[in-house]
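Each chain is listed here by its residues.
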Amino acid sequence: MMDVAKRRQLSRIKTLLSVIFLLLLLWGSGYRTQVSFQDLFSGIPNIFSALADMLPPDWGYFDYVTGPMLETIRIAILGTTFGGILSIPIILLSSRNVTRSPFLFYPARFILNLIRTIPELLLAALFVPIFGIGPVAGICAITVFSLGIIAKLAYEAVEAIDPGPLEAMTAVGANKIQWVFFGVVPQVAAHFMSYFLYAFEINVRAAVILGYVGAGGIGIILNNMLASFQYNRVITIILYTLIVVAVIEFISNKIREKLL
Amino acid sequence: MRTETVNKKALLPKDVRKRLIWRRLKIGVIAAVVILIYAWAFRGFVKDFKINPNAGQSIKAIFNGIIHPDWDYIVEPGGEDLLHALIDTLAIAVLGTFISAVLCIPFAFWAARNMSRRRWISGTGKFVLSAIRVFPELIMAILFIAAVGLGPFAGILALGFHSVGMLGKLFGESIENMDLSPREALIASGANRLQTLWFAIVPQVLPEFMSYTLYRFEVSVRAATILGIVGAGGIGAPLIFALQGHTWDRVGIILIGIIVMVTIIDYISGAIRKRLV
């Protein structure tokens, strides 16, 4: 009886401490960033006037931005494809049940985590001086970015596969390539495709803003329109993006449902 | 040999044969579509492909800068240094996540299928959430800069509103997956709406809510690192200045700072999430 009461008291203290910590964190953050709700309330009219400038959307602009929009989609397609291809060796290296040696899978995972921490806009900004202003830098940035996403998700799928076929392959004397090709690939191919499509959805959205640093796509125009306060064109671009992303997500979701 | 295979096919029932043909046709069409998409994508790629004439020099300069980062920038007497910028970034992510965690709760209940009797209610809720998700953070940041001026507060509001899209969706799904029997039991014993909410729904979904919020915090930390590019506070502003000025040693130290910060946050948040669920 005593034990239960004590434990309950302890857990109550723990909850209380967590709440205090959270409140301190929030207060400190607010203090550091000088949050002022007065600014927000006095600024709300500005938001509405910006929103009012957006209406009505410049419908004629749709035609003009179709080219850059297709370029954005192309950046996402090629970047995701290259990233998907490059991720295959990293997936195999990071999987405990394929590589077997901790000297291989820990470094591979470390590199993977490192890649995933770098924001894609920063990657794009690093590729622009190499490939010049244009979509190639964007493709390279998306390649590295999707490599991180796909590899992270897929290696976890590889580690969860059924070991039976693998043991059977070993028992009949398959070499490592045959072992991977006939034992691992059939079990994870559907997962891999699903993650590939998921990464593609994220990448379409990411590719929209890459133009900010000159890495091609619709972002360059978006940036120019924002800088010159042509908000009715900004909203056209945003609506266009919304439609494209919604269509791509719908198709990709349908395919993924069929895959898994 | 040939007659034999033909005979074998003829032996199959008609509907099976038909299905086989359909299946082959479908695979053929899918393959054709995929090939066409890639042909289009690659044609553009080949046309665009060019390497800067002085790419070699740029690569060397970038690598040199990243290998020899500007260590002095970590702490500088004026306070305009890496450490302060990183703390600002974290503060933006903390407050942004907090705002979105609060804001998304009504949206989550709106979008959850089992919380409303009519289908169209949850349907519109889901649509609103996905519309919020498509609005990129950077655009939201620009809108909020118009309202509250340059600075971290615009970034906080941008993150707060953008994250509602994803958090609302995840929260809504966890409400949908909830066990409804405790709620029914409470209603049967005469509890009012607030009591059922507090004693039947909140205890069930709270751990998942917290876990998703932490997950979103990890995403927000990454997003907060680039908000400064449009002037919404955090590490993004010094980053974009260093990139534009080609001071690669500065870029190098900021890159290291971001990697270290994100890794530590991911580690802590992952450890807490493991205990929660």
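1. Section: the overall build of chain B
Here's step 1: For chain B, the helix and strand inventory stands at 11 helices and 0 strands.
Here's step 2: In sequence order, chain B lays out its α and β elements as α-α-α-α-α-α-α-α-α-α-α.
Here's step 3: Relative to the globule expectation of 19 Å for 277 residues, the C-alpha radius of gyration of chain B, 27 Å, shows a markedly less compact shape.
Here's step 4: With the C-alpha coordinates aligned to their principal axes, the bounding extent of chain B is approximately 85 × 70 × 35 Å.
Here's step 5: Taken across its 277 residues, chain B has 42% of its residues classed as buried.
Here's step 6: Sequence-distant contacts, at least 24 apart, represent 73% of the contacts inside chain B between residues at least 6 apart.
Here's step 7: In chain B, the 29 positive side-chain charges and the 18 negative ones have mean positions that sit 20 Å from each other.

2. Some points on the packing of helix H10 (residues 236-244) of chain B against helix H11 (residues 248-276) of chain B
Residues and elements named next belong to chain B.
Here's step 1: The geometry of H10 relative to H11 is characterised by a closest axis approach of 8 Å and an angle of 150° between their N-to-C directions. Handedness of the H10/H11 crossing: left-handed. Every residue of H11 that contacts H10 at Pro238, Leu239, Ala242 and Leu243 is listed here: Trp248, Arg250, Val251, Ile254 and Ile258.
Here's step 2: Across the contact of H10 with H11, the residue classes break down as 8 nonpolar, no polar and 1 charged.

3. Some details on a nonpolar patch on the surface
Residues and elements named next belong to chain A.
Here's step 1: Taken together, Met193, Ile243, Val247, Phe250, Ile251, Ile255, Leu259 and Leu260 make up a surface patch of nonpolar side chains, about 710 Å² in accessible area.
Here's step 2: In terms of residue count, the dominant contributor to the nonpolar patch is helix H11 (residues 231-259) (6 residues).
Here's step 3: Here Ile255 lies in helix H11.

4. Topic: the packing of helix H6 (residues 120-131) of chain A against H11 of chain B
Here's step 1: Two numbers describe how H6 of chain A lies on H11 of chain B: the axes approach to 12 Å, and their chain directions differ by 155°. Judged on the interaxial angle alone, H11 of chain B and H6 of chain A are roughly antiparallel. Judged by the twist between their axes, the crossing of H6 of chain A over H11 of chain B is left-handed. Residue-level contacts link Leu122, Leu126 and Pro129 of chain A of H6 of chain A to Trp248, Val251, Leu255 and Ile258 of chain B of H11 of chain B.

5. Let's talk about the interface of chain A and chain B
Here's step 1: Between chain A and chain B, the residue contacts involve 54 residues of the former and 58 residues of the latter.
Here's step 2: Of the roughly 5,000 Å² buried between chain A and chain B on both sides combined, carbon and sulfur atoms contribute 78%.
Here's step 3: For the interface between chain A and chain B, the tally reads 0 salt bridges.
Here's step 4: At the boundary of chain A and chain B, one finds 3 residue pairs in polar contact (both at pLDDT 80 or more).
Here's step 5: Among the residues making up the side of chain A that touches chain B, the classes are represented as 37 nonpolar, 10 polar and 7 charged.

6. Some remarks on the packing of aromatic side chains
All names here are of chain B.
Here's step 1: One pass over the full model with this rule turns up 9 aromatic pairs over all chains.
Here's step 2: Seen from their ring centres, Phe107 and Trp110 are 6.1 Å apart, and the 35° between their planes marks the pair as tilted. Linking Phe107 with Trp110, this pair stays in helix H4 (residues 82-111), spanning 3 residues, or about one helical turn.
Here's step 3: Of the residues examined, Trp110 reaches a relative accessible area of 32% and is grouped as partly exposed.
Here's step 4: Relative to Phe161, the ring of Phe144 lies with its centre 5.3 Å away and its plane at 35°, an arrangement referred to as tilted. Of this pair, Phe144 sits in helix H6 (residues 137-148) while Phe161 is found in helix H7 (residues 152-176), placing the two residues 17 residues apart along the sequence.
Here's step 5: Given a relative accessible area of 10%, Phe144 falls into the buried group.

7. Focus: the domain arrangement of chain A
Here's step 1: The domains assigned to chain A are domain 1 (2-53) and domain 2 (61-259).
Here's step 2: Computed over C-alpha atoms only, the centres of domain 1 of chain A and domain 2 of chain A are separated by 35 Å.

8. Regarding the confidence of the model for chain B
Here's step 1: Taken over all residues, the pLDDT of chain B has a mean of 84, while the share at 70 or more is 95%.
Here's step 2: Per-element confidence in chain B is highest for H4 of chain B, whose mean pLDDT is 89, and lowest for helix H1 (residues 2-11) of chain B, whose mean pLDDT is 57.

9. As for the side chain of Asp88 of chain B
Here's step 1: With respect to the helices, strands and loops of the structure, Asp88 of chain B is situated in helix H4.
Here's step 2: Among the residues examined, Asp88 of chain B registers a relative accessible area of 16% and is labelled buried.
Here's step 3: Residues contacting Asp88 of chain B, with those up to four places away along its chain left out, are Arg32 and Thr33 of chain A together with Gly234 of chain B.

Quick notes on the rules
- Residues numbered from 1 in each chain as written.
- Chains lettered and ligands numbered in written order.
- Predicted model: local features only at pLDDT ≥ 70, side-chain atom pairs only at ≥ 80, totals over all residues.
- Heavy atoms only, no water.
- Helix = DSSP H or I, 4+ residues; strand = E, 2+ residues; numbered from the N terminus.
- Rg over C-alpha atoms; globule rule 2.2 N^0.38 Å.
- Buried < 20%, exposed > 50% of the residue type's maximum accessible area, 1.4 Å probe, protein only.
- Contact = heavy atoms within 4.5 Å.
- Lys, Arg positive; Asp, Glu negative; His and termini not counted.
- Charge placed at Lys NZ, Arg CZ, Asp CG, Glu CD.
- Axes fitted to C-alpha atoms, helices over the stretch in contact; angles between N-to-C directions.
- Left-handed = near helix turned anticlockwise from the far one by under 90°.
- Nonpolar A, V, L, I, M, F, W, Y, C, P; charged D, E, K, R; others polar.
- Patch = residues over 30% accessible without salt bridge, like charges linked within 9 Å, V, L, I, M, F, W, Y side chains within 5 Å.
- Areas by Shrake-Rupley, 256 points an atom, 1.4 Å probe, with all protein chains shown as cover.
- Salt bridge = Lys/Arg side-chain N within 4 Å of Asp/Glu carboxyl O.
- Parallel < 35°, antiparallel > 145°, perpendicular 65-115°, else oblique.
- Buried area = accessible area lost by both parts, 1.4 Å probe.
- Polar contact = N/O pair within 3.5 Å; in protein donor to acceptor, adjacent residues only side chain to side chain.
- Phe/Tyr/Trp six-rings, centres within 6.5 Å; stacked < 30°, edge-to-face > 60°.
- Domains from an automatic or database assignment.
- pLDDT = per-residue confidence, 0-100.

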